[in-house]
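Spelled out, the chains give:
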Amino acid sequence: MDSNNFSDFLCEPLNGNSGFFFKKGTLLERGETPFQVYEVWDTPELGRLFRLDGYFMTSERDEFFYHENMIHPALISHPDPKTVLIIGGGDGGSADEVFKHPSVKRIVLVELDKAVVDLSRKYFESVHHGSLDDPRIEILIEDGLKYVREIGPREGEKFDLIVLDLTDPLGPAAELYSPRFMADCKALLNEGGMFVLHIGPPVYAPERVSGLMKNLISVFHIVAPYFVYIPLYGSLWGMACASDKRDPRQITKANVDEIIRDRSLSDLQYYNGATHEAGFALPEYLKKILSL
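Reading guide: rules and limits
Residues numbered from 1 in each chain as written. Predicted model: local features only at pLDDT ≥ 70, side-chain atom pairs only at ≥ 80, totals over all residues. Heavy atoms only, no water. UniProt positions renumbered as here; feature names shortened; annotations may be inferred. Buried < 20%, exposed > 50% of the residue type's maximum accessible area, 1.4 Å probe, protein only. Contact = heavy atoms within 4.5 Å. Polar contact = N/O pair within 3.5 Å; in protein donor to acceptor, adjacent residues only side chain to side chain. Helix = DSSP H or I, 4+ residues; strand = E, 2+ residues; numbered from the N terminus. Lys, Arg positive; Asp, Glu negative; His and termini not counted. Salt bridge = Lys/Arg side-chain N within 4 Å of Asp/Glu carboxyl O.

The protein carries the name Polyamine aminopropyltransferase in an unreviewed UniProt entry, which gives Methanospirillum hungatei as its organism. Taken directly from UniProt, the Sequence similarities (unreviewed entry) text for the protein runs: "Belongs to the spermidine/spermine synthase family."

Following this line, the structure appears as structure tokens:
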């Protein structure tokens, strides 16, 4: 790469000292909502790519690295998941993975910014595969904080899985990663319910990863962190599954592959029994960051 041609690339920092880039390609749409600036690009490396406030969110060619790992370790660990709450996730990728489990009857998706859902419908069919228009999904354009603390409890909602599919814990989103909000989510879980979120890049933001782990441990009896490499995010990336009853680390790779067959989970490009076990296998430097 010619250092004089940085204008040809989309760049994103990982911290104050490091970052990564992708060649731009063609700008399909750019605009500003009341909440954020968005861009949709058609890139040579990853196909259509979505950015919010200069941060990469999803792309056509690598979305499965994130969405499959966000959803399946938890749902595979639940014997009969029926109801799922997704906070964020307006691109529909997480919902698409949830609907692969035949027992799921209902998803409530709470997205702050309607433009995210509209843009996904317009440009990212290959990410959501129609899940945003599935009759089993209820899409609410609402503040996730308000839904979890007011609307959900008022309506008596309970869920087998709650997924925080959000931007990084910066600015207004920070409160949605707080121990208080995690406890509020826990109150909406059914017996044996599970809670999943991403916790960030341990190499480039170890303090964020360790801090979110401490928040989770203060709320849930079982916290199982796991790590996968996500091309669009330029790094090894952490996720965590939390519960008071279920531990996805107790499911063997043979069990996972059997459940995948029994549930006829289709079109998996990343997740299987071996990757399930591998994600929870922590090298020593990660154990130190996580205080395990």
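## Describing the UniProt feature "active site" (unreviewed entry) in the protein
Here, the residues flagged by UniProt with the feature "active site" (unreviewed entry) are D165. Since its relative accessible area comes to 9%, D165 is described here as buried. Discounting residues that sit within four places of it in the chain, D165 has contacts with Y66, H67, I86, I87, G88, G89 and S94. Separated by 2.7 Å, the side chains of D165 and Y66 make a polar contact.

## Here's the deal with the side chain of D96
Inspection of the secondary structure puts D96 in helix α2 (residues 93–98). Of the buried charged residues, D96 lacks a salt bridge, with K100 as the closest side chain of opposite charge at 4.4 Å. One polar contact links D96 to H129, side chain to side chain, over a distance of 3.1 Å. If we ignore the near neighbours within four places in the chain, the residues touching D96 are V127, H128, H129 and S131.

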